[in-house]
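Chain by chain, the residues run as shown.
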Amino acid sequence: RCLVEHRVVGLPNNTQLISRNGGEYLIEDSAAPIRNRLGEIVGAVIVFHDVTEQRRKIDEAFAFSATHDALTGLINSTEFNLRLNRALKLCHGDSSLKHCLLLIDLDQFRLANDACGHEVGDRVLQNTAQMIEKCVRAGDTLARLGGDEFAVLLENCPSRSGQIVAEAICDRMDQYRFIHNQHRFRIGASIGLVEFDGSWTTGAALLQAADTACLAAKEAGRNRVHAY
């Protein structure tokens, strides 16, 4: 095509080069005409570029963005719902399993966000994510569901242990002060806790129960835990 059309041409995207030993390499390639001093085409040069590692990194970035929150780097709501339903399904197969779900809603966050702007509000959310992460176990699932709402899935965790984790989050948030341009904000956390086993039918029902408990925590004075 290069020699016939007298121009640079390339292969379609995602072309694979297969080596003699069967190795597969994603490549980009181009063929360009070679001209002499008179401008006559006397041949062509073909260049292959191995982009396997580059494409792998792009694929990993896409996979990460599909399951994680862009602001905090935590699991997003879609991935959290999948994990919650997976844990519930395991409960249906094993009656001895007990897990806890925490739904966390920040107190007074909107005051900081409205007074200082979204950029400052984003920093508060990032700080909050880091503080909550320090309170949960390495194997637990912490997610940002959206806005100022977070959730934690504590697997193989009875209600009392879940209560201890939730209270640790409240204590850490109670000590948190955010200062910006002479403004000082105290950002607390109201937490709804639900212990669940195989008697629950859906993850959506669990989240609704946790939301009800979280609302009760707010109505009881904020920065506290309410068990459903």
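Computed from a prediction, not measured in an experiment: that's the story for all the values here. (Residues numbered from 1 in each chain as written. Predicted model: local features only at pLDDT ≥ 70, side-chain atom pairs only at ≥ 80, totals over all residues. Heavy atoms only, no water.)

S.K.: Which residues make up the pairing of strand E7 (residues 149–154), and what values do they have?
M.R.: The side chains of a regular strand alternate between both faces of the sheet. Of all six residues in E7, five are buried; the element is thus mostly enclosed. Where strand E5 (residues 99–107) lies against E7, six bridges are found, and the strand directions are antiparallel. Its bridge partner lying in E7, aspartate 105 is registered against glutamate 149. In this sheet, E7 lies alongside strand E6 (residues 141–146) in antiparallel orientation, the contact comprising five bridges. Following the sheet pairing, threonine 141 is matched in E7 by leucine 153. In textbook terms, the turn of a hairpin is the stretch between consecutive antiparallel strands, and for E6 and E7 this stretch comprises two residues, one of which, glycine 147, has a positive phi near 55°. (Buried < 20%, exposed > 50% of the residue type's maximum accessible area, 1.4 Å probe, protein only. Helix = DSSP H or I, 4+ residues; strand = E, 2+ residues; numbered from the N terminus. Pairing = 2+ DSSP bridges.)

S.K.: Pulling in residues and values, what's your account of the nonpolar core?
M.R.: Soluble globular proteins tend to bury their nonpolar side chains together. Core analysis: the largest hydrophobic core is formed by 34 residues, its most contacted members being Leu102 and Ile169. Contributions of two or more residues to this core are made by E5, helix H4 (109–116), helix H5 (118–133), E7, helix H6 (159–174) and strand E10 (188–196). If one sorts the elements of this core by residue count, H5 sits on top with six residues. The contact partners of isoleucine 169, leaving out residues within four places of it in the chain, are Leu102, Ile104, Ile132, Cys135, Val136 and Ile191. (Core = buried A, V, L, I, M, F, W, Y, C linked by side-chain atoms within 4.5 Å. Contact = heavy atoms within 4.5 Å.)

S.K.: Lay out the pairing of E5 in plain terms, naming residues and giving numbers.
M.R.: In terms of residue burial, E5 counts as a mostly covered element, since nine of its nine residues are buried. Here E5 shows no split at all, with His99, Leu101, Leu103, Asp105 and Asp107 on one side and Cys100, Leu102, Ile104 and Leu106 on the other all buried. Pairing of E5 with E10 involves nine bridges; the strand directions are antiparallel. Paired with leucine 101 across the strands is valine 194, a residue of E10.

S.K.: Just give me the short version of the sheet that holds E6, but keep the residues and values in it.
M.R.: Read from one edge to the other, the open sheet built from five strands follows the order E6-E7-E5-E10-E11, with strand pairing classed as mixed. Looking along the sheet, the strands with just one partner apiece sit at the ends: E6 and strand E11 (225–227). Each strand of the sheet is rotated relative to its neighbour by a mean of 20°, with strand direction disregarded. Packing of helix H7 (residues 203–219) onto the sheet brings it into contact with E5, E7, E10 and E11, and relative to E10 it is tilted by some 140°. (Axes fitted to C-alpha atoms, helices over the stretch in contact; angles between N-to-C directions.)

S.K.: An account of the pattern of salt bridges is requested, with residue identities and associated values reported.
M.R.: Once the charged atoms of two side chains with opposite charge are near each other, the side chains can pair. According to the stated counting rule, one finds 13 salt bridges in the structure shown. Its salt-bridge partner being lysine 98, residue aspartate 197 comes within 3.5 Å of it at the nearest N-O pair. Linking aspartate 197 in the loop between E10 and H7 with lysine 98 in the loop between helix H3 (77–93) and E5, this pair joins segments that are 99 residues apart in sequence. Residue lysine 98 is classed as partly exposed on the basis of its relative accessible area of 34%. In this structure, arginine 137 engages aspartate 140 in a salt bridge whose closest nitrogen and oxygen atoms are separated by 2.8 Å. For aspartate 140, a relative accessible area of 11% puts it in the buried group. Linked by salt bridges that have partners in common, Asp105, Asp107, Lys218 and Arg222 make up one network. (Salt bridge = Lys/Arg side-chain N within 4 Å of Asp/Glu carboxyl O.)

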